[in-house]
Amino acid sequence: VLMSPAGKIAKDRSWKAGKNMMAKVDGFLDSLINFDKENIDKSNLDALEPYLKNPNFNYDYIKSKSAAAAGLCSWTVNIVRFYHVFCDVEPKRIALKEAQAELEGAQNKLAGIKAKIAELDSNLADLTASFEKATAAKLKCQQEAEETNATISLANRLVNGLASEKVRWGESIQAFKNQEATLPGDVLVASSFMSYVGCFSKSYREELLNDKWLPFLKKDSGIPLSENPDPMELLVTSADVAKWNNEGLPSDRVSIENAAMVNNCKRWPLVIDPQLQGGAWIRQRELMKEGGEASFKVVRLGTKGYLDMIEAAVSRGDMCLIEDLGESIDAILDPLIGRNTIKKGKAIKMGDKEIEYDPNFRLILQTRLPNPHYPPEIQAQTTLINFTVTLQGLEDQLLADVVKTERPDLEETKAQLTRQQNEFKIKLTELEDALLSRLSSAEGNFLGDATLVENLETTKKTASEIEVQVQEAKKTEKKINETRESYRPVAARASLLYFLLNDMFKIHPMYQYSLSAFKVVFQRAMDTTTESQEDLKGRVAGLINNITYNVFLYTSRGLFEKDKLIFVSQMAFQILLTSGDLDSTELDFLLRGPRVPTGSPCPIEWLHEAGYQMLKALSAIEVFRDLPGDVESGSKQWKKYCEAEAPEDEKMPQDWKNKTPLQKLCILRCLRPDRMTDALRKFVELKLGPQYVKSGRIPLSRTYEETNPTTPVFFILSPGVDPVKEVEAVGRTQGVSEDNRNMHNVSLGQGQEIIAEQKLDQAHKEGGWVMLQNIHLVKKWLPVLEKKLESLREGPHETFRVFLSAEPAGLPSMHIIPTSILQVSIKITNEPPTGMNANIHRALDNFDQEALERCSKENEYKSILFALCYFHAVVLERRKFGTLGWNRGYPFNTGDLTISVDVLYNYLETFSKVPWTDLRYMFGEIMYGGHISDDLDRRLCSSYLVVYLKEELLDGGGGFMLAPGFPAPPSLDYHEYHQYVDENLPAESPVLYGLHPNAQIGVLTNLSDSTFRVLLELQPRDNAAKGGGAAVSREERVKQIVEETLSTLPESFVLSELMGRVEERTPYISVVLQEADRMAQLTNEIRRSLRELALGLKGDLTISEAMENLMQSLYLNVVPASWEKLAYPSLLPLATWYADLLQRIKDLEAWVADFQFPAVVWISGLFNPQALLTAIMQTTARKNEWPLDKMALSVEVLKKSREECTTAPREGAYVYGLYMEGARWDINAGVIAESLPKELTPQMPVIYIKAVPADKKEAKGVYECPLYRTRQRGPTFVTNFNLKTKERPEKWVLQGVCLLLSPE
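Once a new chain begins, its residue numbering starts again from 1 and follows that chain's sequence as written. Totals for whole chains, interfaces and linings use all residues, but because this is a predicted model, local features are given only for residues with pLDDT of at least 70 and pairs of side-chain atoms are given and counted only at 80 or more. Hydrogens and waters are ignored; side-chain quantities use all the structure's heavy atoms.

J.: When you look at the overall build of the protein in this model, what are you seeing that I'm missing?
T.: Broken down by element type, the protein carries 47 helices and 25 strands. Scaling as 2.2 N^0.38, a compact globule of 1304 residues should have a C-alpha radius of gyration of about 34 Å, whereas the protein reaches 50 Å, well beyond that. Taking the principal axes of its C-alpha atoms as reference, the protein extends roughly 170 × 105 × 80 Å. Relative accessibility under 20% of the residue-type maximum defines a buried residue, over 50% an exposed one, and the middle range a partly exposed one, all with a 1.4 Å probe and only protein chains included. By residue count, 46% of the 1304 residues in the protein fall in the buried class. Two residues qualify as a contact provided that any one of their heavy atoms is within 4.5 Å of a heavy atom in the partner residue. Excluding contacts between residues fewer than 6 apart, the proportion of contacts in the protein whose partners are at least 24 apart in sequence is 73%. Here, Shrake-Rupley sampling with a 1.4 Å probe gives the accessible areas, and only protein chains in the shown set may cover a residue. A total accessible area of about 66500 Å² is found for the protein, and carbon and sulfur atoms account for 52% of it. Only DSSP runs of H or I with at least four residues qualify as helices, and only runs of E with at least two residues qualify as strands; both kinds are numbered from the N terminus onward. As a reference, a globule follows 2.2 Å times the number of residues to the power 0.38, and the radius of gyration itself is taken over C-alpha atoms.

Here it is as structure tokens:
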């Protein structure tokens, strides 16, 4: 149809006609290719239209039938489509040709016009150039005139501006010239200061600089040096200091020195920062820098991902603060701390990784430990910087807090002035630096530098304005400071109290307090002070009293009962020393209790030897010079005073009643050491007030008022006390309970750590209380808990509270509770009541009326059950008598009692009669005896049961006494037993335990000695500078002891020389040679260690840890550990121990002089008394040809004195130097007898020891008395001696009777 001629459309459109048309393929293809597609007749299009509208006339459909037909279909459709497009475009092509023709004509006309314009422009340019040339010449003349005038003006301004600086700069130039000569010495001092003094406190820094270095440099070195060089002048500027102060650095001198070292040291700084002030300043400084938090990383070792954080900081060149270091540092950090870089400083190896090392990386190490001991390599690789707050520095800080609270207007003005002055200094420095920089960098004719002149004028104008403001500020500051100083006594007292708290960890590692927690207590005390501010003097006194008492309450509730007196006494002593109301020499005597060995018996018959020796030592103080003579001459008066029940409440005889309270304490320490704890309480009551000695526990409900979501409450547990019930009771008053699902109680252990963390997160988010019990059981989880509690301080719910509990470690070395947890917590101790009354009630509380009635033999059951309760109370409370009570400590508990009662019930139900022997064995050997490891303690336990559990117990008529004055009760009901105890139990005394009343004196004396020993350890090292006395310093005292000891120590025995003089090596000769050998080892060690220490004190040797420990022991009058290791067991203080040592050496020298066996052997003077006893048996066995394993020792207490025994016995030996504790020896009756009042360890007469066949050893009418080296008993056991007695042996067992080789 399409290819038909116009108007002649083919009618035959059959497939046959189509095949004919395409028969000639070449022709057909050519017609298709050359088809006139631009001129298609309308008739052809009309004829084609039906086909095009047919939906099946498309390529895809037709292709399914025939590919060739589909191609022709596509050709047809596209040809028609082209024609339609062509019809639309062709008219536009024709129009385009016409427009192009018109454009060409117009452009020809335009070219002619442009040619004319170009000619005109050329003429205009010539004229313009001539005009501009003339104008430029004119302007140049004008500009030169103006510049000349400006230069003259600038020159005048510059000359006028610099005229006033000429004098100052001239002086500075001269000073710099002078400094040039002394610069080597000044730089040496500054660099040495920065390298060596960082780890020292203020006093040692000043001593090192002013007393050691500068005198040496000025006198001996020949190095040029300024008159009074100050390292800080070279290391920092006033602008630096001002900037640091604005960043939060304390303004005291030590803090500024520390900051200078942190900024200038080339080694990484290791900051000793127990109060976290240094770390706080470093954080603030880094966060204020450009980059802030992004370029400052804080890392704690051991936390998750800490190594990745450090590696990232090293690679990026960030500042990294590793906080809270211990004494050991992870070895993987060694290359980083030592800067052991590789690849020419471009990398560093940490573990197995190579980390890219950015030279901009900076590292700061920080530890909270107050006195860390780092190995030498750490000290060499780092610069140790001691940020420990000083007494004066803290006083200044607290003064600001006091004034801020009391006079906020003054403190705000003061703070503004300080900031203003700091900003002035910084601004002036910046302006002057900029001016000098421009002057120094100016080239050629700088008179044209208008900016330079303007800077100079700005600097002068600013300086003038600042000078006026500074003068005004100084006047204002002077007025403010005068008012502020009125409050300084408050700050001074608070600073002193904090340092008292800071030393409490020396008593027990649980006693840790942070400065931030202290400041909270300090602030609360100021807020609750009631005195009016109108009366300034009264207000200050009220503040001091309230702060002191609040700190006392805050601290004492977290102290064990035995430590409260120590704390309050130390508080009283330090307050009085600081105010000058105490003589430091007298205090030193009171705490030390020194003795002067007299070498002769005490002339005062009623006074013990140790007391007389102490009295003689006291007389060395001028005030007490006549005291020994007065006591001797007025013996009756003094005896009456000493025998009073409470001598501290009585008036002293003669003129001594007029002495100061401290002087009376010194005298009482000599005469009645057992009364010193009560005397100390009276002293504290007199000086501080009665509220400081009242005993009583602060209710938890009151403590809760002081808590907040970020302050945990920490219960320090005691055996038998559970704080959970009290916490739950307080919680119920606050709407917190398990029923309300906001009380979470987790007992740690057995995988409870994850639950604890979940409960903490839940309560932190939703509110509630979390009680974590026994955290000491999860040692490995404690660092996680520490970090967890720190993170929970941010954004807690207002009702969120944390309660922790843990048992204290038995030894300081076993302490595991993190310091940071203890420091921020409110610590509470909860000790069970003491005394027999309380313990019997506690024992009975384990039962009820139903338990009492469950047995068919009710009378027997109740009677024995009550006796068991009494026995349980006795074994628990007997521990307070120390080694007189039990040789070792045992964890007797409630379970022992309840199981014993169950056993009692079963036995009574099983047997018709009470099986006393079986019950005693079950209770004494299994239930309670299962805890006991010492045979003599086992004997004691069994003896109690022999006394308490017998047939007479069942009489019920009041005839059987459980203790003197306390008959066994009849059959009663449960509540009546409690009532019976309250009504019938005598007052607390050793008699209730079967002990002699003297036992209480021993307990109190030991308590007194331990109290004063701890108080001495707590004394600050600078106490010699306080008070009105002339007490010597620690180093001077130690030097004096070293010199005296070395000058009096005899030469050591030479064993080879002694053995060369021995003809026959008998058992006795072996004993003396062994003694001489051990004595030689001891004296050699004493001589070596003291000589080494002497060199260290002179500065010839570095003070090692061993030397420091030795120095501490000498100062505290304690036998050094290195000597004790080679010596014999002894509890004597060092001075008395050394006098005893000299006596032993003298006695040994007499023995080895001719090797003649002494007539009477001082058995107490032997290192190994067992060796002498063995030698006695060996000698007798050889002489009589008896088998050694079938022999025993027999003892006979003679009526002879030592002097009466002039020759040694034919067999065995006479010995002396023994003492009896718990009883005495009746010489006339020849038996053990009750002690005399206040006679604790009477000396035994000479004892004859000999060896006899074991079957002939006397066994009836004797008490098997243990012999110990010291009153420590237990590990110092020697042997048992059978001593005659008329009483039953159980009596002496219960009284703890023994023989001692030393009365102390």
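J.: Could you clarify how one ought to interpret the nonpolar core in this entry?
T.: It is characteristic of soluble globular proteins that their nonpolar side chains tend to be buried jointly. Residues grouped as a nonpolar core are buried Ala, Val, Leu, Ile, Met, Phe, Trp, Tyr and Cys residues, joined through side-chain atoms within 4.5 Å. Counting residues in hydrophobic clusters, the biggest one holds 259 residues, and the most contacted among them are Leu-772, Tyr-870 and Trp-1137. When residues no more than four places from it in sequence are discounted, the contact partners of Trp-1137 are Leu-1082, Ile-1086, Val-1119, Trp-1123, Ala-1127, Tyr-1128, Ser-1130 and Leu-1132. Residues Leu-214, Met-232, Val-236 and Ala-260 belong to the second largest nonpolar core, which totals 30 residues.

J.: Sorry, what's going on with helix α18 (residues 515-527) here?
T.: Residues separated by three or four positions in an α-helix point in the same direction, a consequence of the helix having 3.6 residues per turn. To estimate the expected span of a helix, count its residues, drop one, and scale the result by 1.5 Å. A rise of 1.5 Å per residue sets the reference length of α18, with its 13 residues, at 18 Å; its end C-alpha atoms lie 18 Å apart and thus fit the reference within 8%. Listing the buried residues of α18 in full gives Leu-515, Ala-517, Phe-518, Val-521, Phe-522, Ala-525 and Met-526.

J.: Would you mind showing me how to read the environment of Glu-1085 here?
T.: Relative to the elements of secondary structure, Glu-1085 occurs in helix α42 (residues 1067-1098). Judged by its relative accessible area of 14%, Glu-1085 falls in the buried class.

J.: I tried to follow the packing of aromatic side chains on my own but got confused; where do I start?
T.: The description of an aromatic ring pair uses the distance of the two centres, along with the angle that the planes make with each other. Pairing of aromatic rings covers Phe, Tyr and Trp, the last through its six-membered ring, and needs centres within 6.5 Å; plane angles under 30 degrees mean stacked, over 60 mean edge-to-face, and all others mean tilted. Applying the stated criterion across every chain yields a total of 43 aromatic pairs. On the numbers, 5.0 Å between centres and 55° between planes, the contact of Phe-552 with Tyr-692 is tilted. Note that Phe-552 is positioned in helix α19 (residues 536-556) and Tyr-692 in the loop between α26 (676-687) and α27 (700-704), a separation of 140 residues in sequence. Classification of Tyr-692 by relative accessible area gives buried; the value is 5%. Taken together, a centroid distance of 5.4 Å and an interplanar angle of 20° make the contact between Phe-866 and Tyr-977 stacked. Residue Phe-866 is located in helix α34 (residues 858-877), and its partner Tyr-977 is located in helix α38 (residues 974-984); the two are separated by 111 residues in the primary sequence. Each of the two residues, Phe-866 as well as Tyr-977, counts as buried. The structure contains a cluster of three or more aromatic residues connected by ring pairs, namely Phe-866, Tyr-870, Phe-871, Trp-886, Tyr-890, Phe-892, Tyr-928, Tyr-944, Tyr-948, Phe-966, Tyr-977 and Tyr-980. Taking the ring centre of Trp-268 as reference, the NZ or CZ of Arg-339 above it sits at 3.5 Å. We call a charge positioned over a ring when the NZ of a Lys or the CZ of an Arg lies within 6 Å of the ring centre and within 35 degrees of the ring normal. The ring of Tyr-1128 has Arg-1144 sitting right over it, with the charged end atom 3.5 Å from the ring centre.

J.: Explain the pairing of strand β23 (residues 1262-1268) to me, please; I cannot follow it from the model alone.
T.: Across a regular strand the side chains alternate sides, sitting on one face of the sheet and then on the other. Counting buried positions along β23 yields six of seven residues, so the element is predominantly enclosed. Between any two strands, pairing holds if DSSP finds at least two bridges. Taken together, the seven bridges between β23 and strand β24 (residues 1277-1284) define a ladder with antiparallel strand orientation. Its bridge partner being in β24, Cys-1265 is matched across the sheet by Phe-1281. The sheet contact formed by β23 and strand β25 (residues 1298-1300) spans two bridges and is parallel. Counterpart to Tyr-1268 in the pairing with β25 is Leu-1300.

J.: Sorry, what's going on with the pattern of salt bridges here?
T.: If charged atoms from side chains of opposite charge come close, those side chains can pair. We define a salt bridge as a side-chain nitrogen of Lys or Arg found within 4 Å of a carboxyl oxygen belonging to Asp or Glu. Applying the stated criterion across every chain, the model contains 51 salt bridges. Close ionic contact of Glu-286 with Arg-285 constitutes a salt bridge, the shortest N to O distance being 2.8 Å. Between Glu-406 and Arg-539 there is a salt bridge, with the nearest N and O atoms lying 2.7 Å from each other. With Glu-406 in helix α14 (residues 391-406) and Arg-539 in helix α19, the pair connects residues that are 133 residues apart, well separated along the chain. Residues Glu-406 and Arg-539 agree in their burial class; the two are buried. Taken together, the shared-partner salt bridges connect Arg-283, Arg-300, Glu-323, Asp-324, Arg-368, Glu-786 and Glu-790 into one network.

J.: For this particular structure, what's the right way to read the sheet that holds β24?
T.: Within a beta sheet, neighbouring strands are joined by backbone hydrogen bonds and run either parallel or antiparallel to one another. With mixed pairing, the four strands of this open sheet are ordered in space as β19-β25-β23-β24. Lying at the two open borders of the sheet, with one neighbouring strand each, are β19 (1219-1221) and β24. On average, each strand axis in the sheet is inclined to that of its neighbour by 35°, with strand direction left out of account. Relative to the sheet, helix α37 (residues 935-948) contacts β23 and β24, its axis offset from that of β23 by approximately 140°. Lines fitted to the C-alpha atoms define the axes, with helices restricted to the stretch that makes contact. Angles between their N-to-C directions range from 0 to 180 degrees.

J.: I would appreciate a short explanation of the environment of Tyr-549 in the present structure.
T.: Among the secondary structure elements, Tyr-549 is positioned in helix α19. A relative accessible area of 26% places Tyr-549 in the partly exposed class. A C-alpha to C-alpha distance of 8.3 Å links Tyr-549 and Gln-691, two positions 142 residues apart in sequence. What Tyr-549 contacts, discounting residues up to four positions off in sequence, is Gln-691 and Tyr-692.

J.: What's the story with unusual backbone geometry in this structure? I'm lost.
T.: The phi dihedral of Lys-343 falls on the positive side, at around 55°, and the residue is not glycine. Residue classification places Lys-343 among the exposed positions, given a relative accessible area of 54%. The backbone of Arg-1273 sits at a positive phi, close to 55°, despite the residue not being glycine.

J.: Looking at this structure, how should I read the state of the cysteines?
T.: Covalently bonding the sulfur atom of one cysteine to the sulfur atom of another cysteine gives a disulfide. Disulfide assignment relies on a single distance test, namely cysteine sulfur atoms paired within 2.5 Å. By the definition in use, this model includes zero disulfides. Here Cys-602 is not disulfide-linked; the sulfur of Cys-642 is the nearest cysteine sulfur, at 11 Å. In this structure Cys-666 is not part of a disulfide, and its nearest cysteine sulfur, from Cys-670, lies 7.5 Å away.

J.: Before we go on, may I ask you to explain the sheet that holds strand β18 (residues 1213-1216) in this structure?
T.: With mixed pairing, the four strands of this open sheet are ordered in space as β16-β18-β22-β17. Two strands bound the open sheet, and with one partner strand each, they are β16 (1160-1162) and β17 (1191-1197). Mean inter-strand twist for the sheet, computed between neighbouring axes without regard to direction, equals 40°.

J.: Honestly, the side chain of Lys-788 in this entry has me stumped. Any pointers?
T.: Inspection of the secondary structure puts Lys-788 in helix α30 (residues 782-791). Under the rule applied, a polar contact is a pair of N or O atoms within 3.5 Å (in protein, one hydrogen donor and one hydrogen acceptor; residues adjacent in sequence only if both atoms are side-chain atoms). Side-chain polar atoms of Lys-788 contact the side chain of Asp-761, separated by 2.6 Å. Those residues in contact with Lys-788 that sit more than four places away from it in its chain are Glu-757, Leu-760 and Asp-761.

J.: So what exactly am I meant to see when it comes to helix α36 (residues 916-927) here?
T.: Between its first and last C-alpha, α36 extends 15 Å over 12 residues, near the 16 Å set by a 1.5 Å rise per residue. All of the buried residues along α36 are Trp-916, Leu-919, Met-922, Phe-923, Gly-924 and Met-927. As for α36, its buried residues are in contact with α34, α35 (894-910) and α37.

J.: I'm lost on a nonpolar patch on the surface in this one. Help?
T.: The patches reported here contain residues having more than 30% relative accessible area and no salt bridge. Joining distances are 9 Å for like charges and 5 Å for nonpolar side chains (Val, Leu, Ile, Met, Phe, Trp, Tyr). Taken together, the side chains of Val-25, Leu-29 and Ile-33 make up a nonpolar region of the molecular surface, amounting to roughly 300 Å² of accessible area. Mapped onto the elements of the fold, Leu-29 is located in helix α2 (residues 25-33). Residue Leu-29 is classed as partly exposed on the basis of its relative accessible area of 45%.

J.: Mind showing me how you'd approach the packing of helix α24 (residues 635-642) against helix α25 (residues 661-671) here?
T.: For any two helices packed against each other, the geometry is given by the interaxial angle and the distance between the axes. Look at α24 against α25: their axes get within 11 Å of each other, and the N-to-C directions meet at 90°. Taken together, the axis directions place α24 and α25 in an arrangement best described as roughly perpendicular. Packed against α24, whose contacting residues are Trp-638, Tyr-641 and Cys-642, the element α25 presents Ile-667, Leu-668 and Leu-671 at the interface. Residue polarity is assigned by list, with Asp, Glu, Lys and Arg as charged and Ala, Val, Leu, Ile, Met, Phe, Trp, Tyr, Cys and Pro as nonpolar; anything else, Gly included, falls into the polar class. Here the contact of α24 with α25 is built from residues that sort into six nonpolar, no polar and no charged. Should an angle fall under 35 degrees it is called roughly parallel, over 145 degrees roughly antiparallel, and 65 to 115 degrees roughly perpendicular, with every other angle called oblique.

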